[in-house]
Amino acid sequence: MCKKRLKLVFGPEIVGKPVTYNLIKKYDVIINVFQARVLPDEEGHMVLDIRGKNEESIKKSIKYLQSEGVMVDFLEKSISYNQDRCINCGACTGVCRSGALLMDQESWELIVDQDKCLLCEMCLSACSMKALSLELG
Amino acid sequence: MSGKKTEKSYAEINQRIKKGEALVLTAEEMIDFVDENGEDKALAEVDVVTTATFGAMCSSGAFLNFGHCDPPIRMGRVWLNDVMAYAGLAAVDVYLGATEESEIKGLEYGGAHVIEELLAGRKVHLRATSKGTDSYPRKELDTYITLEDLNQAYLFNPRNCYQNYWVAVNSSDKMIYTYMGPLMARFGNASYSSAGQLSPLLNDPYYKTIGIGSRIFLGGAQGYIAWEGTQHNPVRERNQKGIPVGGAGTMAVIGDLKEMSTEYVRPASIEKYGVSMYVGIGVPIPILNKEMVRYTAVRDRDIDVTIVDYSGGVRDNPTLGQVNYEQLRSGTIVLENGREVPTAPLSSYNKARKIALELKKWINNGEFLLEKPVENLSTNSQFKILKEGAVPNV
Ligand code: SF4
Ligand code: SF4
């Protein structure tokens, strides 16, 4: 599995095209939309995660988007975990739906599994210690 | 010693601590000990059970005395790193509340953060203004201080260590931000905040050994229980084991900030709510008799707690049944309406365990003796609500 977060900007002329539909249909990727502002006759914006079998499938889908005239920006972000600030309370685990944040039931320490993270950012507001942050790269 | 004794005294226990002969167990270890050896043997052999909690305790703060500058000032308004401290005391005394927010940074930084900077040995910006008087002519002060520079600096927390608390959920269709953390719409998550079986007041539910003058672990140092905590509510409904099923008893605690550590005192910024302070508290419970054996053998499944819907923003939030701590700790609970809800703690069980072990070490080393309370926490004080609109009697 491979994942990239993208920011898409559509000119008004392509807002009407079924771009995301084609993307899923033809390139067999999963998309998870975080923000979207797509109105007729206006420039459209969308932030989404695109997940595919491998780098290649994602590259191809990005090529397709560009061929349709969509401007693609990479948002290279990930959740960063500062262990020194963490008090192992577990508050963040209650809002993490992906299984990326779990409590070890023996030691009651937080286990962070970056690979499962969907970058939904819910944990950022749940951690009162600022031990979790969104980092570039 | 005789296995038949049914009562032990503080003096006997302290004697054994001094000789290095006391058997000290954490509240978790006590559960296993009683399971394996029975109550009689536990009474005969165990002297002290250490309990602990590390949670957000908003009702906290520090008294600070700065010493006098020359020419002297009678501080009228005081800011520490732009956080206002209450100066309506003598000339250079203030009370710095943990939840007071910075006038510049808001809830990113507050009194608790200033306390942490002091504990970490960092310089803190002190500003003060005054009207100026004959004996205190100075009107302004702008300087930097460290914890070491202060005469006295002690935490005095009016309400800490809640005996149990609620489980918070949100039935509404939008996310809400509370002191129990963010609560997702339509019962998306549930937060709970007590250390359960390790929690001090749940191991002595009727305060038989806990009261004014009890020596405790506070923020990494030895401290004391100073008074019953504000909103102390011992008459809360209790389950068959005598455990209150919601927020009940509380304690006011005091201790020397200069001896504490950032390991056990931590500032918190709760999203869209405000600043709070995580405080580590450990309370040793002397095993004086069989009753104390039973109380300290309490385990998560014996501790019931009421689920409360926080979506209304009203004082008396609607309740949604009860669960116990074993269920909460499993990571999911099922509500009365059949909804499965993921649960998460706000207080750190991991840290509570560390504190219980640390306190055990102190006692084992003979550095910490038990103090019999001068007066126990009240078991019958009434909890009042604020009635508005009453006409004063003239
Ligand atoms: S960003 Fe979302 S998925 Fe990732 S760790 Fe935080 S809560 Fe979990
Ligand atoms: S909420 Fe923050 S401090 Fe608590 S376990 Fe998660 S990362 Fe650690």
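Residues numbered from 1 in each chain as written. Chains lettered and ligands numbered in written order. Predicted model: local features only at pLDDT ≥ 70, side-chain atom pairs only at ≥ 80, totals over all residues. Heavy atoms only, no water.

> Could you clarify how one ought to interpret the site of ligand 1 in this entry?
Taken together, I79, C96, S98, A100, L101, C117, L118, L119, C120, E121 and C123 of chain A make up the full set of residues adjacent to ligand 1. Along the lines of polarity and charge, the residues of the shell around ligand 1 split into nine nonpolar, one polar and one charged. (Near = heavy atom within 4 Å. Nonpolar A, V, L, I, M, F, W, Y, C, P; charged D, E, K, R; others polar.)

> Sorry if this is basic, but what is going on with the pattern of salt bridges here?
If charged atoms from side chains of opposite charge come close, those side chains can pair. Under the criterion given, the structure shown has 23 salt bridges over all chains. The residue D49 of chain A makes a salt bridge to R5 of chain A at a minimum N-O spacing of 3.2 Å. Taken together, the residues D49 of chain A in strand β3 (residues 44–52) and R5 of chain A in strand β1 (residues 2–10) connect sequence positions 44 residues apart. For R299 of chain B, the salt bridge is made with D35 of chain B, and the minimal N-O distance between the two is 2.9 Å. Of the two residues, R299 of chain B sits in the loop between α4 (290–296) and β22 (304–309) while D35 of chain B sits in helix α2 (residues 27–45), which places them 264 residues apart along the sequence. Note on R299 of chain B: relative accessible area 17%, which makes it buried. (Salt bridge = Lys/Arg side-chain N within 4 Å of Asp/Glu carboxyl O. Helix = DSSP H or I, 4+ residues; strand = E, 2+ residues; numbered from the N terminus. Buried < 20%, exposed > 50% of the residue type's maximum accessible area, 1.4 Å probe, protein only.)

> Looking at this structure, how should I read the sheet that holds β3 of chain A?
Hydrogen bonding along the main chain pairs the strands of a sheet, whether they run parallel or antiparallel. All names here are of chain A. The sheet built from four strands is open, its strands ordered β2-β3-β1-β4 with antiparallel pairing. The open sheet terminates on both sides in strands that have one partner only, identified here as β2 (30–37) and β4 (71–74). Shown here is a sheet whose adjacent strand axes are inclined to one another by a mean of 25°, direction ignored. Sheet topology note: the β1/β3 ladder contains nine bridges and is antiparallel. If you follow L6 over to β3, its bridge partner there is L48. (Pairing = 2+ DSSP bridges. Axes fitted to C-alpha atoms, helices over the stretch in contact; angles between N-to-C directions.)

> I tried to follow the interface of chain A and chain B on my own but got confused; where do I start?
A common way to report how large an interface is uses the accessible area buried once the components associate. At the interface, 24 residues of chain A touch 27 residues of chain B. Counting the contacts that link chain A with chain B gives ten residue pairs in polar contact (both at pLDDT 80 or more). Class assignment for the residues of the side of chain A that touches chain B results in ten nonpolar, eight polar and six charged. (Contact = heavy atoms within 4.5 Å. Polar contact = N/O pair within 3.5 Å; in protein donor to acceptor, adjacent residues only side chain to side chain.)

> Help me out: how do you make sense of unusual backbone geometry in this one?
Glycine aside, a negative phi is what most residues show, and trans is what most peptide bonds show. Between D70 of chain B and P71 of chain B the backbone carries a cis peptide bond, its omega angle lying at -5°. Checked against the element boundaries, P71 of chain B lands in the loop between β3 (61–65) and β4 (77–80). For N88 of chain A, which is not glycine, the phi dihedral falls at a positive 55°. Within the secondary structure, N88 of chain A is located in the loop between β5 (77–81) and β6 (101–103). For K272 of chain B, which is not glycine, the phi dihedral falls at a positive 50°. By the secondary structure assignment, K272 of chain B is in the loop between β20 (265–270) and β21 (274–286). Judged by relative accessible area, K272 of chain B falls into the exposed class, the value being 56%.

> Looking at this model, I keep getting lost on the domain arrangement of chain A. Mind explaining?
Residues and elements named next belong to chain A. When its domains are assigned, chain A resolves into domain 1 (1–72) and domain 2 (79–134). Computed from C-alpha atoms alone, the centre-to-centre distance between domain 1 and domain 2 is 29 Å. Together, the buried faces of domain 1 and domain 2 total about 410 Å²; carbon and sulfur atoms form 44% of this surface. The largest contributions to the domain 1 side of the interface with domain 2 come from K3, R5 and F34, which together make up 73% of the buried area. The tally of links between domain 1 and domain 2 comes to one salt bridge. Across the pair R5 and E121 runs a salt bridge, and its minimum N-O distance is 3.2 Å. (Domains from an automatic or database assignment. Buried area = accessible area lost by both parts, 1.4 Å probe.)

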